[in-house]
Amino acid sequence: MKTAASIFLLIILTTLFYLQENGISFLTQHQKPIGNYYKGLLKNELKNYTKTADYDIKVNFNPSTKIIDVNEKITWINRSSLPVSELQFHFYANAYKSKRTLFASGWNIQPENETHIDLRNFMINEKKAKLFYFQPEIYNPYDSTVAKSILSKPIYPGDSVNIYFNYSMKIPKSIKRLGYASGRNFYFISQWYPKLGVFEDGKWVCSQYHPYTNFYSDFADYNVSITVPKNFVVGATGNLSYSNETDNKITYVYQQAAVHDFAWFTTDNILYRDQIYRRNDRSEILIKAFVQPEREKYFDRYFKVIKNCLRYFEDNIGVYPYENITIVDVPRTCAAGGMEYPTLFTTSAELFSPVETHQPEYVTAHEFSHQFFYGLLANNEVYEAWLDEGFATYISTKIVYNYYGDELAFFKIASFIPVFGLNLLSYKGIPIIYTLAKIPKQESSEQLKGYYTNIAIGTISEKSYLLPTKLSYVVNSYLKPSLVLESLERYLGHKKMMHILKKYFDKYKFKHPKAEDFINVVQENSDENMDWFFNEFYKSANTYDYLVSNLSYLGKNFYAVFVQKKGNGFFKNEVALITDKDTLYQKWDKDENYHVFIFYTKNKVKAAVIDPERKNLLDVNFANNSYTIEPNYSASLSITIRWFFWIQNALMIIGSIG
C-alpha cells in the first residue's frame, strides 16, 4: 500500500514538474487579500457607486475551432428620471466584420482578422425582440457596431428590464485589441459581447467603434463563467470566485462589482505569480502577474512598478478600491499589448531593456494609471479622450521619473539592442554617425517631441473622433494634454495640483466626468480665475514663442529688458534679471506683443530670462528665452568639433564601401 501511494505521489509530482517546465501555471490564488470586500470592491466604496446593470455571462471556448459560444443575460435598471422607450447596444466585435467598416478605415483588416457576433437569439423580458443596426455619428452602411431595440412599453424610472443574447463568435487573428497571437495558443478577448450604452441627460450615448478612439460604458456588476480545456488558464477582469473541473474542461467564475467593461484571456503557456500590496489602512490588494515564459526575468520589475503606482496614487490622488489588479504580459505577435480594462491591463517587454530606458516601466505605469483615469473616472473616450489618455500620460510620466530617475537617451542597433547615446545617422539599423553617452532626458521631453509634429491642427476641446488625422488625435488626446497638465502643475505648484486631482477623483469616481467638471474643480481650488489658461490651452490651437530680444544698461544702475511675444498664444510669464548675487523678478501677465521691463540693481548683471522655471511647456523655442551680457561660445564650439569628427568618420566609412 505504501509503495502504491509513493508511486501515485511520484506521478503527481512529475506531472506538476512537466506542466511548470512547459510554462503552464494553474490559476490558484496563493494569497487571499485582507479586506472587507463585496464582489471584489471595498465595501466602504459601495456608498459611492450606483449600479445600472447586472451582466451574467456564460462562455464556452473551443481553441480547436477558435469559437466562443455565449449566453448573456443583462438586467438593466433605469436610473434616470425619465421613461426609456428603446435600448441601445454596442456590438464592438462587428467592427472586424470586413475591411469596409468604420473601424477598418484606420486598420488593415485582412480575412484572417475578420469576425462578427453571430447572433442566434435575442429576447427582452423573455419575449423575442428585434435589433436594428444604425450609425449614430458617421454614416457607413457596412458598419454594425451599434444597434437598438424599440420597446413594446417604456421602462419607467426605477424599473428594470431583462435582456438575453445567445451568440457565437470566431476569435480572429490579433489586430488592435481582439484576437489570437500567431505562433502561440494565446487568446485575448476584449470588446467581445453586446453591451449597453450610457443613458444620460434623457438620451442614449452609444457610439460606433471609431478607428482610433476607445469606449464609453456604464458601471455594472459582472458575473462571468468561462469554460476552457483543462490545460488552459484564464485571467480576467475582477475576482476569481471559484473554478470547477469536469471531464477535460475547467470553468473559471469571475465576479466584480462597479466596473464598466470585462476582458479576459486564455492560454496554455504562461507563467503566473502574485504578490500583496498593503494600503495605508493595512487592507490588501492581490497583484496577479501573467508573464510569457521568455520574459520571466521581468516579474520583479512588473511587481515593483505596480506597487510604485499604487503607492503614488494612494499618497497623492486616491485609493485603488478593488481586491485585485491583474497584469498580462502578452506575446510579441499579439496586438493587444499596452491596453487597459477594469482591474486588468496588458503590457509587453523587449528581451533587452535596461531600467534606464524606462521600458517596460512606462507602458506599465501608463496602463495602470488608466485604472483611475478611465476605469474609475469613466469619461467618454469617444468625445473627450484627453480626460483619460492625457491624464494617464501625465501621471505615469511623473510616477516613472519619481521612482526611476531620468530616462537616458538611447538608440537601438538592428531595432533590437538598446545603446545609450544619440544616433544621428544609420543604415539598415547599423549606426554610422552616433555618440555614446549617458544623456538624461528631461521629464515630458518625449511628449514635446511628439507635440512639435502637430502644433496647430485640432484642439483638445474638439470631439476626439472628429479630429482629422491619427496624428492630430494622438497629439490632442495624449501629448498636448499631458504638457498642458504639467504646465498647470508648474504654474499652480505640485502640492496644489495634487490637491486638485484628489478633489476631482473624490467627487467623480464611479461617475462620468466631463472636461467642464475638471475645469470647475481647478477653478474652485485656485487663488485666481483660470479661464485664461483653459481658453489658451484647451479651447485653442495657439502657438507660443516668448523671447528676450535685448538687455541693455540705462545708467544709474537701471537695466532694460526687452521681451516679445512672437506666437499668437498668451501665457502669464515671469521675467528674471540674473546678477552675480541674486535674481530679480517681474510679472508679465498682460497679452501684449512686447514689453520693456526696467530693473534696478547695483550688482553685476549676467543675463535676463523669460519664464525662467519653464512653466509653459508649449513654448516652441526655449533657446530664445534668455539673453546673456557676455556671449559664451564653448557649447557651439564643442558641437562643431563633434560634427567634424562624425562627418569625417562617415566619409571614411562611405569611402571604404566604394
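Residues numbered from 1 in each chain as written. Predicted model: local features only at pLDDT ≥ 70, side-chain atom pairs only at ≥ 80, totals over all residues. Heavy atoms only, no water.

Draft legend 1. Region of interest: the overall build of the protein chain. For the protein chain, the helix and strand inventory stands at 11 helices and 37 strands. What you see for the protein chain is a C-alpha radius of gyration of 28 Å, in line with the 26 Å of a compact globule of 658 residues. In terms of overall dimensions, the protein chain has a C-alpha envelope of 100 × 65 × 55 Å along the principal axes. In the protein chain, once contacts between residues fewer than 6 apart in sequence are set aside, the share between residues at least 24 apart is 70%. For the protein chain, the accessible area works out to roughly 29300 Å², and carbon and sulfur atoms hold 54% of it. On the protein chain, the mean spot of the 72 positive side-chain charges and the mean spot of the 67 negative ones are 2 Å from each other. (Helix = DSSP H or I, 4+ residues; strand = E, 2+ residues; numbered from the N terminus. Rg over C-alpha atoms; globule rule 2.2 N^0.38 Å. Contact = heavy atoms within 4.5 Å. Areas by Shrake-Rupley, 256 points an atom, 1.4 Å probe, with all protein chains shown as cover. Lys, Arg positive; Asp, Glu negative; His and termini not counted. Charge placed at Lys NZ, Arg CZ, Asp CG, Glu CD.)

Draft legend 2. Representation of the sheet that holds strand β22 (residues 284-291). Strands sit in the order β21-β22-β23-β25-β24 across an open sheet of 5 strands; the sheet is mixed. Looking at strand neighbours, the two that pair on one side only are β21 (271-278) and β24 (340-341), the edges of this open sheet. Judged from the 8 bridges that link them, β21 and β22 form a sheet pairing that is antiparallel. Looking across to β22, one finds that Y277 is bridged to I285. Relative to the sheet, helix α2 (residues 299-316) contacts β21, β22, β23 (324-329) and β25 (344-347), its axis offset from that of β21 by approximately 30 degrees. Across the face of the sheet, helix α3 (residues 361-369) comes into contact with β23, β24 and β25 while running at roughly 160 degrees to β25. (Pairing = 2+ DSSP bridges. Axes fitted to C-alpha atoms, helices over the stretch in contact; angles between N-to-C directions.)

Draft legend 3. Here's a closer look at a nonpolar patch on the surface. Nonpolar side chains collect at one region of the surface, where L351, F352, I413, F416 and I417 lie side by side and expose about 410 Å² of accessible area between them. Following the sequence through the fold, F416 ends up in the loop between β27 (410-413) and β28 (417-427). (Patch = residues over 30% accessible without salt bridge, like charges linked within 9 Å, V, L, I, M, F, W, Y side chains within 5 Å. Salt bridge = Lys/Arg side-chain N within 4 Å of Asp/Glu carboxyl O.)

Draft legend 4. Up close: the packing of aromatic side chains. Applying the stated criterion across every chain yields a total of 69 aromatic pairs. Judged by centre distance (6.1 Å) and plane angle (20 degrees), the ring pair of F103 and W107 falls under stacked. Judged by relative accessible area, which is 0%, F103 ranks as buried. Judged by centre distance (6.2 Å) and plane angle (20 degrees), the rings of F299 and F303 are stacked. Here F299 and its partner F303 are both found in helix α2, 4 residues apart, which amounts to about one turn of the helix. The exposure class assigned to F303 is buried, which follows from its relative accessible area of 3%. Sitting over the ring of Y180, K66 keeps its end group 5.0 Å from the ring centre. (Phe/Tyr/Trp six-rings, centres within 6.5 Å; stacked < 30°, edge-to-face > 60°. Buried < 20%, exposed > 50% of the residue type's maximum accessible area, 1.4 Å probe, protein only. Lys NZ or Arg CZ within 6 Å of the ring centre and 35° of its normal.)

Draft legend 5. Structural context of unusual backbone geometry. Residue P360 is bonded to the preceding Q359 through a cis peptide linkage, with omega at 10 degrees. Topologically, P360 is positioned in the loop between β25 and α3. Positive phi, close to 60 degrees, is recorded for K66, a residue that is not glycine. A relative accessible area of 23% places K66 in the partly exposed class. Its identity is not glycine, yet N125 carries a phi of approximately 50 degrees, on the positive side. Relative to the helices and strands, N125 resides in the loop between β6 (118-124) and β7 (127-128). According to the relative accessible area criterion, N125 is partly exposed, its value standing at 40%.

Draft legend 6. A look at the packing of α2 against helix α5 (residues 386-404). Running from amino to carboxyl end, α2 crosses α5 at an angle of 110 degrees, the nearest separation of the two axes being 10 Å. One finds that α2 runs roughly perpendicular with respect to α5. For the crossing formed where α2 meets α5, the hand is right-handed. On α5, the residues that touch K304, V305, N308, C309, R311, Y312 and F313 of α2 are I395, K398, I399, N402, Y403 and Y404. When grouped by side-chain class, the residues that make up the contact of α2 with α5 number 8 nonpolar, 2 polar and 3 charged. (Parallel < 35°, antiparallel > 145°, perpendicular 65-115°, else oblique. Left-handed = near helix turned anticlockwise from the far one by under 90°. Nonpolar A, V, L, I, M, F, W, Y, C, P; charged D, E, K, R; others polar.)

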